[in-house]
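In case you want the letters, here they are:
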Amino acid sequence: MSQPLARVDAFDKVMGAVQFGADRVPPGLAHGALAVATIGRGRVVRIDTSAAEAVPGVRLVLTPRDGGELASAGFVMAGGHGFQSLQPLTDDHVAYRGQPIALVVADTPHAAAEAAALVQAEYEAEPLSVDLDADGVEVLDQAAVIPAGFFPDVDVGDADAAFARSPVRVDSVFDCPPQHACPMELMAAVAEWNGDTLTVHEATQNANAVRFGLATQLGIDVERVRVLSPYAGGGFGNRNSLQAHTCLAAVAARRLGRPVKLVVPRSQMFHDASFRPASRHRVRLGATVDGRLQAAIHEVDQQTSRHDLFPANYVEMTSRLYGIPNFRGHQRLVRTDVQTPGYMRAPHEHPAAFAFECAIDELAYATGRDPVDLRLANDTGTDPVSGRPFSSRHLAACLRRGAERFGWANRTLEPGSMRLADGTLVGWGVAAGAYPGSAVPTVARLRADDDGTVSVQVGGHEMGQGIRTAIVETVVRDLGVAADSVRVDVGDTAAVPQHLTAGSWGTASALPAVHDALQELRRSLDLPPTGAVDLRAALAAIGRADIEVQAETRAPGQPPEAIDRLRRGAMAIAGPEFPTFTAFSFVAHFVEVRVEPTIHRIHVSRVVSVVDCGRVASPVTAASQVGGGVIWGIGACLREGSEVDPRYGGFLNADLAEYLIPVNADVPRIEVDFVDEPDPHLNALGVKGLGEVAMVGVAPAIANAVFHATGQRQRRLPIRLENVL
Amino acid sequence: MLTTRPFTYAAPTTIADAVALIDTGGPGTKFLAGGTTLYDLMKLGVETPAAVVDLGRIPELAIVDTTGDQLVIGAGARMCDVAEDPVLLHDYPALAESLSLAASQQLRTMATVGGNLLQRTRCAYFRAGAPFACNKRDPGSGCAAREGIDRVHAVLGVSDSCIATYAGDWAVALLAFDALVDVVGPGGERTLPVADLHREPGDTPQIEHTLAPNELIVRIRVPPTDTGRASTYLKIRDRESYAFALASAAVGLAVDGDVVRNARIALGGVATRPWRARAAEESLIDAPVTADTARRAGRIAFADARPGRHNGYKIELGARTVANALLIAAQRSVR
Amino acid sequence: MDRFPRDTTGSASRSGFSGRLHVQMVVNGRDVERDLDPRESLLDLLRERLALTGTKKGCDHGQCGACTVHIDGRRVLSCLTLAAKANGAHVTTIEGVAAADGSPHPLQQAFVDYDALQCGYCTPGQIMAGLACIAEGHATDEAQIREYLSGNLCRCGAYAGIVAAVRATAAAQEGGC
């Protein structure tokens, strides 16, 4: 194929024809609205719903009094299905400000909202602790509280001794704020009962979790729950698991005997779903005088909730970024009074890279080496943690190609040495990034009809990353059929099991399953393993109008039980360490910033990003995804921080006017390039993950460029005007 | 929160009917122009009018005449249209810029130039409702912002009861040019300077302006000035677009030879109301505009500033904003 | 068409105020009549009662642009527009942009061609804003397009494609005149 395939669902999207969860308007629909706690921690001692119930059109008010009808779905990272273990409305406990305390259902959205505001609660408040330094937090060694083998600390060689011996040392502390993913589509569910069977329309990245979690919560057989999520209006980790509102909609719909739609307002979404936790990083680097890394110590404190332990996983990536012979990573969890934090695009890798790659830049200046040269000098082909080779690693190619495209050779090393005639300071910065390669077990079902149609049902979710397009492209490339004859069904639990799609394993897991199903199809049709196929003729030859095949794939080294786990609704993630190799995607970002002469506004004026994601599965959507990742990095570095007032808990800037995500005018020229070398080990198609690695390293590249422009190190995100004034 | 209380609605077609309806509706009746502030705050439960008089169907409110000595801009004209008025663009760039740098084009298409004058603060403690104390929303309850996250809050015109920033841009530019507003009430029409329209919070931050509840802004007038051409509105914000001002300055200059004969400076994003910096203006009279005099004027403008916990940077930022705006305006005076 | 909402309660008309309104409007070329609660937003009317769900709710407070529609040819945020304000008006949503034969508007096609979207949730609002941007004459260069589309947030970050699609469509229109 010479011409890259356009995004296959783009046409429906530009026509406004795609149906997201809340777009469903079944007959008899009732509308829900949540009332939320206004204290930061404590207990609801009295709740008065009489005014709410008196609002015309109100049909139902659920409160903790109805708790018996609901159970926790468990925390997704502890074997459950929920974004947190705490299920609101099951008891009178208030764990954080913004926690739902009542659901109102009415005939119209405005009656429901009006009534929800009239729910009166009395509280018994308790002292709260919401940031890393607050009195009353509980600090835990992760290794001591999370079972061995999961998210371990890293200890290679003797990092402390090697650091102490090193002639050049860097020792810096970096702060990353809580941040919110803010997908454009609001959290929403439409719950519909047909007899004792529940159908839920909801945008999710994990239809399995919604399905199995609801079955647990409602005490019904999982076979009676169907979840449909054909499209999600952005995921970014925010829809990784079951949200608290979904079962409330389901309970209300069951009670009322009519469908219920519950749309979580934007301000409530800041509290009723996960977020990127605050983290603090101390990075110590020891090197020879010419910049060869001898030791690194990366210590992290990360926020979690009182009720769950959201694992920190920062050092998994930083220990692999370079060939550092002595590495110690240590991660602690800090319990605070918030909803449980969770995964948000490049969840740990973005903050980790900010800290580590800024420290690397400090080392470059400490040794007087060019920051690109220093990174190249510390490259490695072997995973220093496991001692096994990387499945593929082209970070050096990313750095070299990026430097070439950016014109890095024209950079002068001295901070403040590049400026325009009007006094504008110019800074050029570089940073690398990596993201673990993972895969999950996947089932693909493929059907060919004698009208030439190929229908694919596969585990996976479309959040805009382009999984549909990559699947269609795989089928088209394999069979030589027209793209518009391929139908793709993702995110439907009635078709095949739907494992969580996240961590950049979605496409890398779905495509191998589709590939195997295609091979199975060829065998069933008595066709050679490659070459264009005439489906009509092949079906006619075996005397059938249609044929259906199925394939199940597992990650390298994954046992057959992984498929059972998938079918039971459990997670089964393999990577980045596999039996014979370690898999990571890599990226290098080059950034130019311009800092205004007097007011010192920072403008990102140019970005070049080169990615090693194995073979590029879909060039069109891949380039878009990297551009988006760079914009996320700009937001994370210069704009985004969720504000916490320690007196009240919760998040203060809980809307899109005060939580500042990048707008169109913020976006510079972004050049994207790919190494496009197939990975020979991770899967048959040679693809590695892309969506997350695209963002990793953008923030430090910007911060390093700001240093180059101004001579000031910025070690706290976001970097705002007042920090450079 | 997140509610709209029930209200009744009327959409009169004349100014006289609108004013009469406010009295008919009784206490709690409010005018609604574009609705971009009022309806927003109604959804938040911060505004709870019992009745709304929609001004969107009164043609006489939208008349704009910029061909005479003074600019006459009907209060019902839309921000996006006035932003592109050729006379404003050419002769009063600060006015045009203050409009086009505000909000987004969709909001500017909905919002009116009259309603925008009374845009309410973006203080998160004000908007979010319970549990936050807010004297503006709930008089006597206190001010959560003063001991809270006050990064975007005011440093000028603050009081112990309120530090909420006036969020608008247009009124700041109008203030620089001594604009007037004509208002009509049951007793007839009266005129007041924009300078007398907004109030500092003092002990009554819930009272933000000097209009009676039954008075309606019908037009804005900008008298002739020699400072219009060499003017600019410089707005500094967290994003490149679509964000509220951290600091802004509307500046106009009349320069004779090398020296300033007349200077106008008004500040936004830093004060509890549109803020005129008269001492800073006077510091420039009979002086040339240089980096030094501009910086000095900027510092004078913030001489009385009172920083809080996280907004102290606004004093330096605001001073530099004034200085840069003066240099831009000075360049325009020689074009 | 009567541009003024009629009271349907029968009780409040003497005061001039109504607690229940009857409105008529033309939505995507079709006459629509509905009784309204005055607090109903145009967005909720379109989505929940007219089944026009192409227009999206991303914030409900005028902060994201996902709900952008046209009233009498001009772009507004339907979430902050009282439905009553659209009485007597022509409302155009994403469902009313394509040609009568169902073929996409050139800007819709350009969004496909330039991959100006990822998840697609903000896309209808981006297209409605883009159409207005071109009609207003604010699509003469990239910087201007970026500025005049900054009221439409795209969390996926498809901005470069959006700008390219609007620019190309505007240029084709200019060339065609």
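Only a predicted model underlies this, so the values are computations on that prediction, with no experimental measurement involved.

## Observations concerning the pairing of strand 19 (residues 454-458) of chain A
Residue and element names in this part refer to chain A.
Then, in step 1: Alternating residues of strand 19 divide into Val454, Val456 and Val458, all buried, and Ser455 and Gln457, none buried.
Then, in step 2: Here strand 18 (residues 442-449) runs beside strand 19; their pairing, made up of five bridges, is antiparallel. Its bridge partner lying in strand 19, arginine 445 is registered against glutamine 457.
Then, in step 3: Linking two consecutive strands that pair antiparallel, namely strand 18 and strand 19, is a turn of four residues; a positive phi of about 95° is found at glycine 452 within it.

## Focus: the packing of aromatic side chains
Then, in step 1: What the rule picks out here adds up to 21 aromatic pairs over all chains.
Then, in step 2: Ring geometry for A:Phe174 against A:Phe354: centres 5.7 Å apart, planes inclined by 80°, an arrangement best described as edge-to-face. With A:Phe174 in strand 9 (residues 168-176) and A:Phe354 in helix 10 (residues 349-367), the pair connects residues that are 180 residues apart, well separated along the chain. For the residue pair A:Phe174 and A:Phe354, the accessibility class agrees, reading buried in each case.
Then, in step 3: An angle of 75° between the planes, with centres 5.5 Å apart, marks the rings of A:Trp408 and A:Phe590 as edge-to-face. Of this pair, A:Trp408 sits in the loop between helix 12 (395-406) and strand 17 (425-436) while A:Phe590 sits in strand 22 (residues 584-595), and the two are 182 residues apart along the sequence.
Then, in step 4: Each member of the aromatic cluster is reached from another via a ring pair, and the members are A:Phe406, A:Trp408, A:Trp428 and A:Phe590.
Then, in step 5: The side chain of A:Arg606 reaches across the aromatic face of A:Trp428, ending 5.7 Å from its centre.
Then, in step 6: Sitting over the ring of B:Tyr39, B:Lys43 keeps its end group 5.0 Å from the ring centre.

## A word on the domain arrangement of chain A
Residue and element names in this part refer to chain A.
Then, in step 1: The domain architecture assigned to chain A consists of domain 1 (13-126 + 181-269), domain 2 (140-179 + 275-437 + 580-724) and domain 3 (438-567).
Then, in step 2: Every contact between the two is made by 19 residues of domain 1 and, on the other side, 18 residues of domain 3.
Then, in step 3: Where domain 1 abuts domain 3, roughly 1400 Å² becomes buried across the two surfaces, and 44% of that area is made up of carbon and sulfur atoms.
Then, in step 4: Considering only the side of domain 1, the residues that lose the most area to domain 3 are Gln205, Asn208 and Arg226, jointly responsible for 34% of the buried surface there.
Then, in step 5: Residue aspartate 492 pairs with arginine 226 through a salt bridge whose shortest N-O separation is 2.6 Å.
Then, in step 6: At the junction of domain 1 and domain 3, the tally comes to ten residue pairs in polar contact (both at pLDDT 80 or more).
Then, in step 7: Listed by contribution, the elements that provide at least two residues to the side of domain 1 that touches domain 3 are helix 6 (207-218) and strand 12 (225-228).
Then, in step 8: Here the residues of the side of domain 1 that touches domain 3 sort into eight nonpolar, eight polar and three charged.

## A closer look at the interface of chain A and chain C
Then, in step 1: With 54 residues of chain A in contact, the opposing surface of chain C contributes 43 residues.
Then, in step 2: Interface of chain A and chain C: buried area, both sides summed, is about 3900 Å²; carbon and sulfur atoms make up 59% of it.
Then, in step 3: The interface formed by chain A and chain C holds six salt bridges in total.
Then, in step 4: Residue A:Glu114 pairs with C:Arg39 through a salt bridge whose shortest N-O separation is 2.7 Å.

## Details of the sheet that holds strand 6 (residues 180-185) of chain B
In a beta sheet, neighbouring strands pair by backbone hydrogen bonds and run either parallel or antiparallel.
Residue and element names in this part refer to chain B.
Then, in step 1: Pairing within the open sheet is antiparallel, and its five strands lie in the order 4-5-8-6-7. Because the sheet does not close on itself, it has two edges, and the strands there are strand 4 (64-65) and strand 7 (188-193).
Then, in step 2: Note: strand 4 against strand 5 (residues 71-74), two bridges, orientation antiparallel. Across the sheet, the residue bridging to aspartate 65 is valine 72, located in strand 5.
Then, in step 3: On the sheet, helix 1 (residues 15-25) packs against strand 6 and strand 8 (216-222) and is oriented at approximately 130° with respect to strand 8.

## Overview of helix 3 (residues 123-136) of chain C
Residues and elements named next belong to chain C.
Then, in step 1: If you check helix 3, its first and last C-alpha atoms are 19 Å apart, about what 14 residues at 1.5 Å a residue would give, namely 20 Å.
Then, in step 2: Most of helix 3 is tucked away: twelve of the 14 residues are buried.
Then, in step 3: Every buried residue of helix 3 is listed here: Thr123, Pro124, Gly125, Gln126, Ile127, Met128, Ala129, Gly130, Leu131, Ala132, Cys133 and Ile134.
Then, in step 4: Positive backbone phi, approximately 85°, marks glycine 137, located one or two places after helix 3.

About the thresholds
Residues numbered from 1 in each chain as written. Chains lettered and ligands numbered in written order. Predicted model: local features only at pLDDT ≥ 70, side-chain atom pairs only at ≥ 80, totals over all residues. Heavy atoms only, no water. Buried < 20%, exposed > 50% of the residue type's maximum accessible area, 1.4 Å probe, protein only. Helix = DSSP H or I, 4+ residues; strand = E, 2+ residues; numbered from the N terminus. Pairing = 2+ DSSP bridges. Phe/Tyr/Trp six-rings, centres within 6.5 Å; stacked < 30°, edge-to-face > 60°. Lys NZ or Arg CZ within 6 Å of the ring centre and 35° of its normal. Domains from an automatic or database assignment. Contact = heavy atoms within 4.5 Å. Buried area = accessible area lost by both parts, 1.4 Å probe. Salt bridge = Lys/Arg side-chain N within 4 Å of Asp/Glu carboxyl O. Polar contact = N/O pair within 3.5 Å; in protein donor to acceptor, adjacent residues only side chain to side chain. Nonpolar A, V, L, I, M, F, W, Y, C, P; charged D, E, K, R; others polar. Axes fitted to C-alpha atoms, helices over the stretch in contact; angles between N-to-C directions. Expected span 1.5 Å × (residues − 1).

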